[in-house]
Amino acid sequence: MPVLQALSPDTVTNWPVNYEGAQTRARKARSLYQYGTRPFSGSRVRRLGYDLALKLGEEFEWAEGMLFMVQMQGVKEAHQHRPDDLDAADLALQNTLSDFYYEELMEEEHCYVDVGLELSEAGYAYQWRTDAHAELLSGITGIPLPRARALVKARESAVDYSSGLIQLSGCRVPIPAQTSNIVYFQAYTTDKALIQQNNGGRHSLSITGKAALEEAEPAYLNRLYDLYFDAKDKHDCAARVEVRIQLKDAWMEPLDFQPWLMRDSLCVFPRCDWW
């Protein structure tokens, strides 16, 4: 993690705090593990391989001279920019599509690009307000507020509660055709990278009532305590909003986030208090 934090501090909000925390999040029933991936910018991979090998070689004799093989796959989170720099936004989108014949795909109805915005601050945890989902959807997509309220409550939409607090949550909202150029909307926070997994229909770490009652100190709770204890010193929780839009509309629909919308849709906690 120190190497990742030094090379890419803008992406580690979506990573576990340390190796032990990654094990806790990935642990499933019957001592099995759920394996997953994390995106990392392709432009920094060469430096990652060098710095990681150097760091390991300093710590462990067996790691001296180690080499890494890198597989490039996907472009999620690979091209970032400040939201107020439109030139940088155009360049980021061009770089995202540089490996494709995107000029031929501009009129293709089934080609989409995901555009996201992250809000974060060192030392704080950002959380979306449950009662502001409709305003957030309307403010980002331009959909009239009454229609946005109906979409948020639709059966196809979902609410993802944060740490069991019903007042704080993200959401996932499919948007019907002819409603907006945007076809999908989601808001979430990066603390889920530490504590959520998909295991038998459950989407977060869990313990059965039987295990909680039978064990004097359930190992699960001890591991969860250690994870939270480490996170309070290291993991700034960011709030993210993402939209999926047809490729041909990507240059005409910049992701704008007004100050009033930030004020009305977010709760901000000191990082230590949140964890």
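Above this text you will find the structure in question.
Residues numbered from 1 in each chain as written. Predicted model: local features only at pLDDT ≥ 70, side-chain atom pairs only at ≥ 80, totals over all residues. Heavy atoms only, no water.

(A) Spotlight on helix α4 (residues 86-96). Within α4, the full set of buried residues consists of Ala92, Leu93 and Thr96. For α4, the angular spread of the buried residues around the axis is 95°, confining them to a single face. The inward-facing, buried residues of α4 contact β1 (112-119). (Buried < 20%, exposed > 50% of the residue type's maximum accessible area, 1.4 Å probe, protein only. Helix = DSSP H or I, 4+ residues; strand = E, 2+ residues; numbered from the N terminus. Arc of directions from axis to C-beta. Contact = heavy atoms within 4.5 Å.)

(B) View of the pattern of salt bridges. Throughout the structure, instances matching the rule amount to 9 salt bridges. The salt bridge involving Asp114 is made with Arg244; its shortest N-O contact spans 2.7 Å. With Asp114 in strand β1 and Arg244 in strand β6 (residues 239-246), this pair connects stretches of sequence that are 130 residues apart. Look at Asp114 and you get partly exposed, because its relative accessible area is 44%. Note that Asp264 is salt-bridged to Arg263, the shortest N-O span being 3.5 Å. For Arg263, a relative accessible area of 57% gives the class exposed. (Salt bridge = Lys/Arg side-chain N within 4 Å of Asp/Glu carboxyl O.)

(C) Focus on the environment of Ala154. The topology assignment puts Ala154 in the loop between α7 (145-153) and β3 (158-162). A sequence separation of 20 residues divides Ala154 from Pro174, and the C-alpha atoms of the two residues are 9.2 Å apart.

(D) Quick peek at the pairing of β3. As paired elements, β3 and strand β4 (residues 165-174) share 5 bridges and run antiparallel to each other. Directly across from Tyr161, in β4, lies its bridge partner Ser169. Counted along the chain from β3 to the antiparallel partner β4, the turn is 2 residues long, and its residue Ser163 has a positive phi close to 55°. (Pairing = 2+ DSSP bridges.)

(E) Structural detail: the side chain of Ser169. Relative to the elements of secondary structure, Ser169 occurs in strand β4. Exposure remark for Ser169: the relative accessible area of 2% places this residue in the buried category. In contact with Ser169, other than residues within four places in its own chain, are Trp128, Arg129, Thr130, His133, Val159, Asp160, Tyr161 and Ser162.

(F) Up close: the sheet that holds β6. Strands sit in the order β1-β6-β5-β4-β3 across an open sheet of 5 strands; the sheet is antiparallel. Looking at strand neighbours, the two that pair on one side only are β1 and β3, the edges of this open sheet. Recorded for the sheet is a direction-independent mean angle of 20° between the axes of neighbouring strands. In the sheet, strand β5 (residues 182-189) pairs with β6 via 7 bridges, with the strands oriented antiparallel. (Axes fitted to C-alpha atoms, helices over the stretch in contact; angles between N-to-C directions.)

(G) Quick peek at a nonpolar patch on the surface. There is a patch of nonpolar side chains on the surface, built from Val159, Tyr161 and Ile166 and spanning about 290 Å² of accessible area. Residue position: Val159 is located in strand β3. (Patch = residues over 30% accessible without salt bridge, like charges linked within 9 Å, V, L, I, M, F, W, Y side chains within 5 Å. Areas by Shrake-Rupley, 256 points an atom, 1.4 Å probe, with all protein chains shown as cover.)

(H) Spatial organisation of the packing of helix α6 (residues 133-141) against α7. Where α6 meets α7, the closest approach of the two axes is 8 Å, and the angle between their N-to-C directions is 125°. With respect to α7, the element α6 is oriented oblique. Taken as a pair, α6 and α7 cross one another with a handedness that is right-handed. Between α6 and α7, the residues in contact are His133, Ala134, Glu135, Leu137 and Ser138 and Leu145, Ala148, Arg149, Leu151 and Val152, respectively. A breakdown of the residues in the contact of α6 with α7 according to their chemical character gives 6 nonpolar, 2 polar and 2 charged. (Parallel < 35°, antiparallel > 145°, perpendicular 65-115°, else oblique. Left-handed = near helix turned anticlockwise from the far one by under 90°. Nonpolar A, V, L, I, M, F, W, Y, C, P; charged D, E, K, R; others polar.)

(I) Up close: unusual backbone geometry. Within the chain, Gln178 stands out as a residue other than glycine whose phi angle is a positive 70°. Mapped onto the elements of the fold, Gln178 is located in the loop between β4 and β5. Its relative accessible area of 82% is what places Gln178 among the exposed residues.

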